[in-house]
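Each chain is listed here by its residues.
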Amino acid sequence: MGQDDRNEQAEPRALAPETLTVWAGEVDSLAHGATQVPIVYSAAYAYPDVDAWLDVAMGRTPGHIYSRNTNPTVAAFEEKVRVLEAAEAATSFATGMAAVSDTLFALLAPGERVVSVKDTYGGTNQLFTDFLPRVGVKVELCDTTDHEQIEESIAAGCQLVYIETPTNPTLKVMDIARLAQAGQAAGAVVVADNTFATPINQHPLAVGADLVLHSATKFLGGHADALGGVLCGARDLVAKVYHYREITGASLDPMAAYLLIRSMKTLALRVERQNENALRIARWLESQPAVTKVNYPGLESHPQHDIARRQMSGYGGVLSFELDGGLEAVKAVLPRLRLAHRAANLGAVETVAGPPATTSHVECTPEERAAMGIPESLIRYSVGIEDAADLIADLTQALAAL
Ligand SMILES: Cc1ncc(COP(=O)(O)O)c(C=O)c1O
């Protein structure tokens, strides 16, 4: 037996993400000798006597009471993501926006202040510009890449710092460790939306964020057939948001949880392929005369490439690019794509493309999009797991329209 073999036997090594995506959360949830997590469609759970029922209701013994609160299939999904994010706790939601809004509304009170940035996902931006101010929460939205301005705004006093990196749809990158440090110094809870990066490429909790959330609808699900959201982090904070969600009711459906569990088994494989495809296509797009700008954190030309290289192990499956000729050029090119759904989604095994006006920022007016620095000449291109050369050939024939 060699030295390496002895070490492997003496100390159990941490499992790799490729292994955790397959096994985490599964074994304890199996029933009847099944090898797959069952879909438990039961609104409530029955107990033989009041004492046993009370023990579960009071949290003294594990179990389930009512599926708005917890459900075995949903719990298996939460456990899988919790392990991948190396978090103390996780809870889930009916959609990504339920995860975002429940987190913000559970952790902020009237009169309190939240610091975020102008480039968050359109739905999140609406919470900041409309719904939170309505209940007296003070919102400051900084320039996304001006880290000094964000730090100053945080130091002025706030209860919550909300970041999203890379951003949707212009792929700006924020320094999570730096902003988490600023947030902690101010005594604020730091929340990071990790949807674009996935737990395969980026670990906000490991560099100081208190909470990390996902639209599971995107890469975690990866097949564009289930909606969901998930939040991971410190136990006390997750418990607060869980309580808000169990009362307000945006719970994940067991069927969606099952689809998400099944899809997550291939998360590492899919994301690795999408990282490779996206980098290759971004480099190719940079050389095209009809393309005036390519946004992808993996490109050396990306303004925050150094930050991305430090905090990401892969640069993700989403890129965006601007066309010479504005919205008319977008309207000419998009219908010609044969290997892309023109749809308001991303992170799927199929390539998906669309303009911000009908995808990430459909909630905003053209004026609001312009103020956020989102040009009408932009196409968001979420790269699937197809062959990269096929996708480049498809883009070539589509761009020939210009
Ligand atoms: C970064 C990001 N966060 C949150 C959401 C909201 O997720 P959902 O559509 O699942 O509600 C989206 C949706 O596109 C997103 O891109």
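Cut-offs and rules
Residues numbered from 1 in each chain as written. Predicted model: local features only at pLDDT ≥ 70, side-chain atom pairs only at ≥ 80, totals over all residues. Heavy atoms only, no water. 1 Å grid on protein atoms, 1.4 Å probe; cavity = no way out; pocket = protein on both sides within 12 Å on 5 of 7 lines; lining within 4 Å. Points joined across faces, edges and corners; volume = space filled by probe spheres on them. Helix = DSSP H or I, 4+ residues; strand = E, 2+ residues; numbered from the N terminus. Nonpolar A, V, L, I, M, F, W, Y, C, P; charged D, E, K, R; others polar. Near = heavy atom within 4 Å. Polar contact = N/O pair within 3.5 Å; in protein donor to acceptor, adjacent residues only side chain to side chain. Areas by Shrake-Rupley, 256 points an atom, 1.4 Å probe, with all protein chains shown as cover.

Asker: Could you give me a rundown of the layout of surface pockets, with the residues and numbers involved?
Answerer: In this structure, the largest pocket spans a volume of roughly 940 Å³. Along the walls of the largest pocket sit 35 residues, with Gly-63, His-64, Thr-70, Ala-75 and Glu-78 positioned nearest its centre. At the level of elements, helix H3 (50–57), helix H4 (72–84), strand S1 (89–93) and helix H10 (235–248) are the ones that each hand at least two residues to the lining of the largest pocket. Broken down by element, the lining of the largest pocket gets its largest block of residues, 8 residues, from H4. In terms of residue class, the lining of the largest pocket is built from 16 nonpolar, 10 polar and 9 charged. Within this model, the second largest pocket holds a volume of roughly 330 Å³. What lines the second largest pocket is a set of 22 residues, and nearest its centre among them are Met-97, Tyr-121, Asn-168, Ser-215 and Lys-218. Elements that contribute at least two residues to the lining of the second largest pocket include exactly helix H5 (96–107) and strand S6 (211–215). Residues belonging to the lining of the second largest pocket are distributed by class as follows: 8 nonpolar, 10 polar and 4 charged.

Asker: Tell me about the site of the ligand, and please be specific about residues and values.
Answerer: Around the ligand, the structure places 13 residues, and the nearest of them are Gly-96, Met-97, Asp-193, Ser-215 and Thr-217. Between the ligand and Gly-96 there is a distance of 2.9 Å, counted from an oxygen atom to a backbone nitrogen or oxygen. Residue Asn-168 places a side-chain N or O atom 2.9 Å away from an oxygen atom belonging to the ligand. Expressed as a share of its isolated accessible area of 390 Å², the protein-covered part of the ligand is 91%.

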